[in-house]
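Remarks on the overall topology
As a plain string of letters, each chain reads:
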Amino acid sequence: NAGVTQTPKFQVLKTGQSMTLQCAQDMNHNSMYWYRQDPGMGLRLIYYSASEGTTDKGEVPNGYNVSRLNKREFSLRLESAAPSQTSVYFCASTLSAPGNTIYFGEGSWLTVV
Amino acid sequence: GENVEQHPSTLSVQEGDSAVIKCTYSDSASNYFPWYKQELGKGPQLIIDIRSNVGEKKDQRIAVTLNKTAKHFSLHITETQPEDSAVYFCAAFVQGAQKLVFGQGTRLTINP
């Protein structure tokens, strides 16, 4: 039972490089989310997809793009990485109705130098 | 938009004592309030949750209370054990927007 799977787990980028974080869930969930976690700031929502075919901005969308490739997959792209994007990134998913558990992946540690 | 404030940011208690973490939220449309525990190097894991039509919920040593009028909710851990040491996050689910907004987290340390 894989749940929410994120890749890669660790990545080091140079400023200006691009990369895509991949996320897949095998629970037939409708909603998927990307959060970033920085020390002392909790988890902040970057983008989310309430259902297949839709995406919306969260609190901190600047510098990121997302694609809901299908119901299972939701990717996060950094077009031109900046040191301020050094963070731990978490993907999450849920059936979407309130009261349904939101499951998180194990995280992706990204360092931009 | 929704804003969730969590206090304290750090909490240290003696093993066997109780720990209380408090959160407030701003959006009255929020109707679901989960609590997550995050251990080092791991993703957040749900430990307990409460819906807006319930005032209190308990699961063994963990309980959550909700005051909708005051827009605050709290996590109570009794008989704390060393394995309770972790970072705890409260969150509020915004109905309609379909998104979960987190508090800043509380680092709980249980001293043996």
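The paragraphs below set out a description of the structure included in this document. Given the structure is predicted, the values throughout are model-derived calculations rather than measurements.

Let us look at the overall build of chain B. The number of helices and strands found in chain B is zero helices and eleven strands. Reading chain B from its N end, one meets helices and strands in the order β-β-β-β-β-β-β-β-β-β-β. Taken over the C-alpha trace, chain B has a radius of gyration of 13 Å; the compact-globule value for 112 residues is 13 Å, and the two agree within 12%. Once the C-alpha set of chain B is aligned to its principal axes, its extents read approximately 45 × 30 × 20 Å. Taking the intrachain contacts of chain B between residues at least 6 apart in sequence as the baseline, contacts between residues at least 24 apart amount to 53%. Carbon and sulfur atoms make up 46% of the accessible area of chain B, which amounts to about 5400 Å² in all. Taking the 11 positively charged and 12 negatively charged side chains of chain B as two groups, their mean positions are separated by 6 Å.

Per the stated rule, a full pass over the model turns up 16 aromatic pairs over all chains. Judged by centre distance (5.2 Å) and plane angle (90°), the rings of Tyr 35 of chain A and Phe 102 of chain B are edge-to-face. Placement of the pair is Tyr 35 of chain A in strand β4 (residues 31–37) and Phe 102 of chain B in strand β10 (residues 99–102), with the two residues belonging to separate chains. Here Tyr 35 of chain A matches Phe 102 of chain B in class, with each residue buried. Where Phe 104 of chain A meets Tyr 36 of chain B, the ring centres are 5.3 Å apart and the plane angle is 80°; that geometry is what we call edge-to-face. Residue Phe 104 of chain A is located in strand β10 (residues 103–104), and its partner Tyr 36 of chain B is located in strand β4 (residues 30–38); the two belong to separate chains.

Next up on the list: the sheet that holds strand β7 (residues 62–67) of chain B. All names here are of chain B. Sheet architecture is open: five strands sit in the order β1-β3-β8-β7-β6, paired in antiparallel fashion. With one partner strand each, in any of the chains shown, β1 (4–7) and β6 (56–59) form the two edges of the open sheet. Each neighbouring strand pair of the sheet contributes to a mean axis angle of 15°, computed without reference to strand direction. Pairing of β7 with strand β8 (residues 72–77), which is carried by six bridges, proceeds in the antiparallel orientation. Bridge assignment links Asn 67 to a residue of β8, and that residue is His 72.

Rules and cut-offs
Residues numbered from 1 in each chain as written. Chains lettered and ligands numbered in written order. Predicted model: local features only at pLDDT ≥ 70, side-chain atom pairs only at ≥ 80, totals over all residues. Heavy atoms only, no water. Helix = DSSP H or I, 4+ residues; strand = E, 2+ residues; numbered from the N terminus. Rg over C-alpha atoms; globule rule 2.2 N^0.38 Å. Contact = heavy atoms within 4.5 Å. Areas by Shrake-Rupley, 256 points an atom, 1.4 Å probe, with all protein chains shown as cover. Lys, Arg positive; Asp, Glu negative; His and termini not counted. Charge placed at Lys NZ, Arg CZ, Asp CG, Glu CD. Phe/Tyr/Trp six-rings, centres within 6.5 Å; stacked < 30°, edge-to-face > 60°. Buried < 20%, exposed > 50% of the residue type's maximum accessible area, 1.4 Å probe, protein only. Pairing = 2+ DSSP bridges. Axes fitted to C-alpha atoms, helices over the stretch in contact; angles between N-to-C directions.

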